[in-house]
Amino acid sequence: MASPTSATLGEAGVAVPVVALIGNPNAGKTSLFNALTGSQQKVANYPGVTVERVSARLQIGSQSVEVVDVPGLYSIRAISVDEEVAYQAIVDHPSDLFVYVADATNLERNLFFFSQIADLQRPTIVAVTMVDALQRAGGTIDLEALEEALGVPVIPVVAHKGQGLDRLVEEIESALRDPKPCPPVGRSPGSPVDLTPEERYKWSSEVRSATITERPSPSTTDRLDAVLTHRVFGLAIFVGLMYLVFQALYTFAGPVMDGIEWTFGKLADAVSPSLEGTPWLQSLVVDGIIGGVGSAVIFLPQILILFFLIAALEGSGYLARAAFLMDRLLGWCGLNGRAFIPLLSSYACAIPGIMAARVMPDARSRLATIMVAPLMSCSARLPVYILLIGAFIEPKYGPGWAGFALFAMHLVGLVVAIPVVLILNKRVLKMKRLPFIMELPRYQWPKWRDVWLTMFLRGKVFLQTAGTIIVVMSVLMWALLYFPRPAGAEERYTAEYGRQTSDFRERVSEETYVQQRQIEESYLGRMGKGIEPVFAPAGFDWRLSTAILSAFPAREVVVSSMGILFSLGAEPDERDMVTAVQNATWPDGRPLLTPWTATGLMVFFALCCQCMSTLATVRRETNSWKWPVVMFLYMTILAYLAAVGIYRLSLLFGG
Amino acid sequence: MKIGELRCGDKAQVTGYCDRSDCVMRLCEMGLTLGTEFQVTKIAPLGDPVELCFRCQKLVVRSAEVSGIDVEKVG
């Protein structure tokens, strides 16, 4: 991992100069960074924290330069971890050159931070962004006067159109060749006293009025905001847009995900025959490795779609309005308005949802959002609900209650999330709460180049880090389910099958019986039997326990494991499955599942953390194993307690 | 007077700080310095947060977090 020091070593061992892009948040740093460096970005974390260090190499003639996109700051007084890291990247590990990015439409505030940077007296050049936006609003800027006032080179850039980039690169080259310290501004040279904010703003206000002329005109943004943040229309449009986002995740991703599944299935079929000779290797490659890679890649469509939409909404300026509209609703329990999209997305899949939490600059609410995102009922839980509601609720209480039960299952996680966030905020999360200060940026068309880059970067980061963990865990789970497999076991199971009654043989195929016995004898099956007493208070037998255990890596498999365990085969017909769970009994003949225990089982699935891809993503996004462990424990314990509670209630009411 | 008591469209001036919280200090660094005039340009549908306009920028804040700023209505 690259360390945020100056002069990292190049290939030939020559020191590579570091150029840091600094400035206020939303000043256009990232657009400029993308335009300067293309897609050659390297994403790492700053040592010990979750703040990402985004850097890239820029080739200037024969010279290689490392450009770092430093997180935005308003002031050198840091109030959060992110800001502390940004501050250290600026001050403690000095770069060879600062490129200060200043927004022409908000010059007073942008120059306040510049005046603090100027006090460091390091080589600095200024890139002025949004000059085109200023001109569209009827304003002009006198760049020569600005250059004179700041005492450093000033270059106007329009990053997404590539304007001014050549001159900026030239200036970077000459500043690196012949570094000149930036003179302090707003005071007489040598004055020892630190200026107050009032004094700095007095200076920046003067510079602004000397360099910018503005003709006030009613802006499109104000007219749009009159509708989009309106009490009634604003909320209605918001709900409509969120519905579209959700539909895109839930339905548009479906065909692509089916396609991926199909491709990996074909790949497995193609590879499988060549390994026929060594069954364990065949199973390892087909079920463990290809299956594992497939189960990581399967999340890509949703991640890409969500980040496309988020980047587009963010780029257009709407994301901030969504947070403005929703803040009151989510703020009271310690989240904030920006948590809405991550939580909504988690209803399709927690993984893009957790990754989407990075739209929240406040580490504390971001972590709280990440921790409750998997409680939202993702689409992988749906098959279990449909099976159990179809088997136990609908036949007894009718379709009305069945629909209500499905709705209630989707609500359970949300309801549980509220106390979880309250407790996390009170007892667990110790980091500082960041003030909620947000800009509502101008509406504009998203910069599609940035949208694509964000989308691909997120996809790449997911595959590289979370993907690796998912594949490793898949192979591990495969081994638990495959081994031990003593010689002759299969023949023994076949012989056992032959001894069964003809009635049994008619119901259960030989293949399914052998599979069932193999699972029963596998390490996982033994664990399922061993853990049966633990699940007994919830009214689950060893088959349900094993199905639950097998679903810990990915809850998608639960219906197929239940199919095997209830003697139907790995791809059971839905109607057979319903009949099988309805007719399943304890050894003494009592029915295994009643509407009560079925509800308990559903609530267990709703709350339990049965998705290692989620845990791998949390590990990646929080840069620590602590939070995935906490998440796994609290969700699993809650799920268990809820299932036990429901079963105990059923005993109480004789259900 | 506090910012939470202002109505949409009201103009006011910062007259002092009674609590130098992070939020208040940050707003000061962002330009809401002593004596700065600002306008309340939006109030969210659910009553909070509010948007303030000063020094040609608009910032959204929660009224509870800016209760450390004393203001006075002008005009």
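Residues numbered from 1 in each chain as written. Chains lettered and ligands numbered in written order. Predicted model: local features only at pLDDT ≥ 70, side-chain atom pairs only at ≥ 80, totals over all residues. Heavy atoms only, no water.

A short note on the overall build of chain A
- Check the secondary structure of chain A and you find 29 helices and twelve strands.
- Principal-axis analysis of the C-alpha atoms places the extent of chain A at approximately 100 × 60 × 40 Å.
- The contacts of chain A with a sequence gap of at least 6 include a subset with a gap of at least 24, amounting to 73%.
- When the accessible surface of chain A is summed, it comes to about 28900 Å², and 62% of that surface belongs to carbon and sulfur atoms.
- Seen as two clouds, the 54 positive and the 58 negative side-chain charges of chain A have centres 5 Å apart. (Helix = DSSP H or I, 4+ residues; strand = E, 2+ residues; numbered from the N terminus. Contact = heavy atoms within 4.5 Å. Areas by Shrake-Rupley, 256 points an atom, 1.4 Å probe, with all protein chains shown as cover. Lys, Arg positive; Asp, Glu negative; His and termini not counted. Charge placed at Lys NZ, Arg CZ, Asp CG, Glu CD.)

Notes on the overall build of chain B
- Helix and strand counts for chain B stand at one helix and five strands.
- Along the chain direction, N to C, the helices and strands of chain B fall in the order β-α-β-β-β-β.
- A compact globule built from 75 residues should have a C-alpha radius of gyration of about 11 Å, and chain B, at 11 Å, falls within 12% of that.
- For chain B, the C-alpha atoms occupy an extent of roughly 30 × 25 × 20 Å along the three principal directions.
- Counting every position in chain B, which comprises 75 residues, the buried fraction comes to 55%.
- Accessible area for chain B stands at about 3000 Å²; split by element, carbon and sulfur atoms hold 48% of it.
- For chain B, the distance from the average position of its 10 positive side-chain charges to the average position of its 11 negative side-chain charges is 5 Å. (Rg over C-alpha atoms; globule rule 2.2 N^0.38 Å. Buried < 20%, exposed > 50% of the residue type's maximum accessible area, 1.4 Å probe, protein only.)

Describing the sheet that holds strand β3 (residues 50-54) of chain B
- Strand order in the open sheet made by the six strands is β12(A)-β4(B)-β3(B)-β2(B)-β1(B)-β5(B), with antiparallel pairing throughout. One side of each edge strand has no neighbouring strand; the edge strands of this open sheet are β12 (437-439) of chain A together with β5 (69-74) of chain B. Taken pair by pair, the neighbouring strands of this sheet meet at an average axis angle of 40 degrees, ignoring direction.
- As paired elements, β3 of chain B and strand β4 (residues 57-61) of chain B share five bridges and run antiparallel to each other. Residue pairing for β4 of chain B: Phe54 of chain B is matched across the bridge by Gln57 of chain B. (Pairing = 2+ DSSP bridges. Axes fitted to C-alpha atoms, helices over the stretch in contact; angles between N-to-C directions.)

Some thoughts on the packing of helix α15 (residues 363-372) of chain A against helix α28 (residues 612-622) of chain A
All names here are of chain A.
- The contact between α15 and α28 brings their axes to 11 Å, and the two run at 175 degrees. In terms of axis orientation, α15 runs roughly antiparallel to α28. Every residue of α28 that contacts α15 at Arg366, Leu367 and Ile370 is listed here: Val618, Glu621 and Thr622.
- Among the residues forming the contact of α15 with α28, the class breakdown is three nonpolar, one polar and two charged. (Parallel < 35°, antiparallel > 145°, perpendicular 65-115°, else oblique. Nonpolar A, V, L, I, M, F, W, Y, C, P; charged D, E, K, R; others polar.)

Overview of the interface of chain B and chain A
- Opposite the 31 residues of chain B that make contact, chain A presents 37 residues.
- Taken together, both faces of the contact between chain B and chain A bury some 3000 Å²; the carbon and sulfur share is 57%.
- Connecting chain B to chain A are six salt bridges.
- Note that Arg26 of chain B is salt-bridged to Glu83 of chain A, the shortest N-O span being 2.8 Å.
- At the boundary of chain B and chain A, one finds 17 residue pairs in polar contact (both at pLDDT 80 or more).
- Secondary-structure elements contributing two or more residues to the side of chain B that touches chain A are α1 (22-29), β2 (37-43), β3 and β4 of chain B. (Buried area = accessible area lost by both parts, 1.4 Å probe. Salt bridge = Lys/Arg side-chain N within 4 Å of Asp/Glu carboxyl O. Polar contact = N/O pair within 3.5 Å; in protein donor to acceptor, adjacent residues only side chain to side chain.)

Considerations on a nonpolar patch on the surface
Residues and elements named next belong to chain A.
- Side chains of Tyr397, Trp401, Phe404, Phe407, Leu411, Leu414 and Val415 sit close together on the surface and give an oily, nonpolar patch of about 730 Å² of accessible area.
- Residue contributions to the nonpolar patch peak at six residues, all from helix α17 (residues 399-428).
- Inspection of the secondary structure puts Leu414 in helix α17.
- In this structure Leu414 comes out as partly exposed when scored by relative accessible area, which is 36%. (Patch = residues over 30% accessible without salt bridge, like charges linked within 9 Å, V, L, I, M, F, W, Y side chains within 5 Å.)

Considerations on the environment of Tyr647 of chain A
- Its location among the elements puts Tyr647 of chain A in helix α29 (residues 626-652).
- Along the backbone, Tyr647 of chain A and Phe540 of chain A are 107 residues apart, and their C-alpha atoms lie at a distance of 9.6 Å.

By themselves, these are just geometric observations and shouldn't be taken as functional.
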